[in-house]
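A look at the structure
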Amino acid sequence: MRMRTLMGAGVAALTLIAAPAMAQDGEPAFDGVYVGGSFGYTVQNNDVGETIEFDAGRNGSFGDTIATSTGADAFSPGFCNGAATSSANVSCINDKDDIEYYGRIGFDKQMGKFVLGAVAEFGKSEARDSVTAYSTTPAFYTMTRELDWNAALRLRAGMVAGESTLFYATGGGAYAKLNNSFSSSNTANSFAVIGDDMAWGWQAGGGVEQKLGRNFSIGLEYLYSRYDDSDSRVQVGNGTAGATNPFVLAGGADFRRSSDFDFHALRATAAFRF
């Protein structure tokens with residue numbers, strides 16, 4: 001009888017001791033605050049068909065033609081999707097794809113197999129995007145943009161497969177500091193980069209995250225980013241150009257790019273959960 005009582009007490013004690021461990025084993029794998037980062041590669045869209053748009057007379061209306069003294073299109077040689085290698089419209093250097101790196105902090109709430117959360121991210125990509133216009137002079141005019149930094153706040157939602165693998169979609173708003181620059185073989189006119197370098201945008205993508213132990217996880221993520229860079233301009237002045245110069249005839253002009261700044265990224269992620 002006494003043996004049975006002791007055995008019963010022992011079983012009860014073991015049950016109490018094991019209870020926290022069993023509860024821990026049953027805890028959601030993707031729940032709470034985490035910090036981490038990502039490292040990946042940015043790929044440009046190559047902006048097929050991108051051009052430079054002109055505002056003759058700087059009245060805020062883009063889509064004008066810059067004409068020569070004979071009325072011909074001064075930019076009839078056309079455009080290319082990259083940085084110029086010469087004054088002739090024969091070839092351009094392709095846009096530069098490069099690495100990217102970001103830090104992140106986020107929060108997830110797991111409800112059964114469903115996970116809903118938010119993540120804030122800050123960092124930059126080393127990618128560079130250019131477009132070139134060619135004039136009949138001949139001369140080239142190249143506009144280039146890069147990221148000084150960008151930040152994003154995204155939601156993410158997904159489903160847990162098994163006990164420790166999360167498949168998710170993500171999307172939200174983004175904000176970037178752009179570095180816009182300009183170069184030209186035209187030495188007669190004056191050129192100045194103007195406009196706001198800060199650009200709003202959005203991001204969307206998805207990925208997979210794998211828990212390795214209680215607190216650490218790694219993953220693979222795809223992300224598409226798009227920023228509205230329409231405020232950036234190149235202002236063209238007379239400089240030392242003569243009266244028959246197309247820009248002088250136009251009463252001055254502004255340049256802008258015809259497309260937003262957008263790119264794809266594939267990155268590896270890592271996170272530590274508290």
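Residues numbered from 1 in each chain as written. Predicted model: local features only at pLDDT ≥ 70, side-chain atom pairs only at ≥ 80, totals over all residues. Heavy atoms only, no water.

1. Notes on the overall build of the protein chain
The following threshold applies: Under the DSSP-based scheme used, a helix requires at least four consecutive residues in state H or I and a strand at least two consecutive residues in state E, with every element numbered from the N terminus. Per-residue accessibility, obtained with a 1.4 Å probe over protein chains only, is compared with the maximum for each type, and a residue is labelled buried under 20%, exposed over 50%, and partly exposed between these values. Here a residue-residue contact requires only that any non-hydrogen atoms of the pair lie within 4.5 Å. In this description, accessible areas are obtained by the Shrake-Rupley approach with a 1.4 Å probe, and a residue is regarded as covered only by the protein chains that are shown. For this count, His and the chain ends are skipped, Lys and Arg are scored as positive, and Asp and Glu as negative. Taken as the charge centre is NZ of Lys, CZ of Arg, CG of Asp or CD of Glu, depending on the residue.
Check the secondary structure of the protein chain and you find 2 helices and 16 strands. Taken along the three principal axes of its C-alpha coordinates, the protein chain extends 115 × 30 × 25 Å. Here the protein chain holds 274 residues, and 40% of them are scored as buried. For the protein chain, the share of sequence-separated contacts (at least 6 apart) that also reach a separation of at least 24 residues comes to 74%. For the protein chain, the accessible area works out to roughly 13,400 Å², and carbon and sulfur atoms hold 62% of it. Taking the average location of the 21 positive side-chain charges in the protein chain and that of its 30 negative ones, the two points are 12 Å from each other.

2. Overview of the state of the cysteines
Just so we agree on the cut-off: Here, a disulfide means two cysteine sulfur atoms that sit within 2.5 Å of each other.
Enumeration according to the criterion identifies 1 disulfide in this entry. Two residues share a disulfide in this structure: Cys80 and Cys92, whose sulfurs sit 1.6 Å from each other. Linking Cys80 and Cys92, the disulfide has an S-S dihedral of approximately -50° and is accordingly described as left-handed. With Cys80 in strand 3 (residues 78-80) and Cys92 in strand 5 (residues 92-94), this residue pair connects regions lying 12 residues apart in the sequence. According to the relative accessible area criterion, Cys80 is buried, its value standing at 12%.

3. Considering the pairing of strand 6 (residues 98-111)
Where we set the bar: By this definition, two strands are paired if DSSP reports at least two bridges between them.
In this sheet, strand 6 lies alongside strand 1 (residues 32-44) in antiparallel orientation, the contact comprising 11 bridges. Across the sheet, residue Tyr41 finds its bridge partner in strand 6, namely Ile99. Across 12 bridges, the pairing between strand 6 and strand 7 (residues 114-125) is antiparallel. Residue Ile105 lies in a different strand from strand 7, and its bridge partner there is Ala120. What sits between the antiparallel neighbours strand 6 and strand 7 is a turn of 2 residues, in which Gly112 has the positive phi angle 70°.

4. Some details on a nonpolar patch on the surface
Stated formally: Patch members must show over 30% relative accessible area and no salt bridge, and they are joined within 9 Å when carrying like charges or within 5 Å when they are nonpolar side chains of Val, Leu, Ile, Met, Phe, Trp or Tyr. Each salt bridge in this description consists of a side-chain nitrogen of Lys or Arg and a carboxyl oxygen of Asp or Glu lying within 4 Å of one another.
Side chains of Val33, Val35, Ile105, Phe107, Leu212, Phe216, Ile218, Phe272 and Phe274 sit close together on the surface and give an oily, nonpolar patch of about 810 Å² of accessible area. Of all elements in the fold, only strand 1, strand 6 and strand 13 (216-227) reach the threshold of two or more residues within the nonpolar patch. The partly exposed category is assigned to Val33, whose relative accessible area is 38%.

5. What about the confidence of the model for the protein chain?
As a general rule, the predicted coordinates of low-pLDDT regions are not to be interpreted in detail. Here is the rule we go by: Every residue gets a pLDDT, meaning the predictor's confidence in that residue, from 0 to 100.
Taken as a whole, the protein chain shows an average pLDDT of 89; of its residues, 90% reach a score of 70 or greater. Considering each helix and strand of the protein chain separately, the mean pLDDT is smallest for helix 1 (residues 2-25), with a value of 38, and largest for strand 7, with 98. Overall, residues 1-24 carries pLDDT values under 50, and its contacts beyond four positions in sequence, including any with other chains, amount to 1 contact.

6. Quick notes on the packing of aromatic side chains
Our working definition: Geometry of aromatic contacts follows a simple scheme: Phe, Tyr and Trp rings, the Trp one being its six-membered ring, pair when their centres are within 6.5 Å, and the pair is stacked under 30 degrees between planes, edge-to-face over 60, tilted otherwise. By definition, being over a ring means that NZ of Lys or CZ of Arg is both within 6 Å of the ring centre and within 35 degrees of the ring normal.
Taken as a whole and assessed by the stated rule, the structure comprises 18 aromatic pairs. With centroids separated by 5.9 Å and ring planes inclined at 75°, the aromatic side chains of Tyr141 and Phe255 adopt a geometry described as edge-to-face. Placement of the pair is Tyr141 in strand 9 (residues 139-161) and Phe255 in strand 15 (residues 253-257), with a sequence separation of 114 residues. Across the pair, Phe255 and Tyr141 agree in class, each one buried. Grouping aromatic residues by their ring pairs yields a cluster made of Phe54, Phe75, Tyr141, Phe182, Phe191, Phe247 and Phe255. Sitting above the plane of the Tyr168 ring, Arg156 keeps its charged end 4.5 Å from the centroid. Over the face of the ring belonging to Phe30 we find Lys211, whose NZ or CZ atom lies 5.8 Å from the ring centre.

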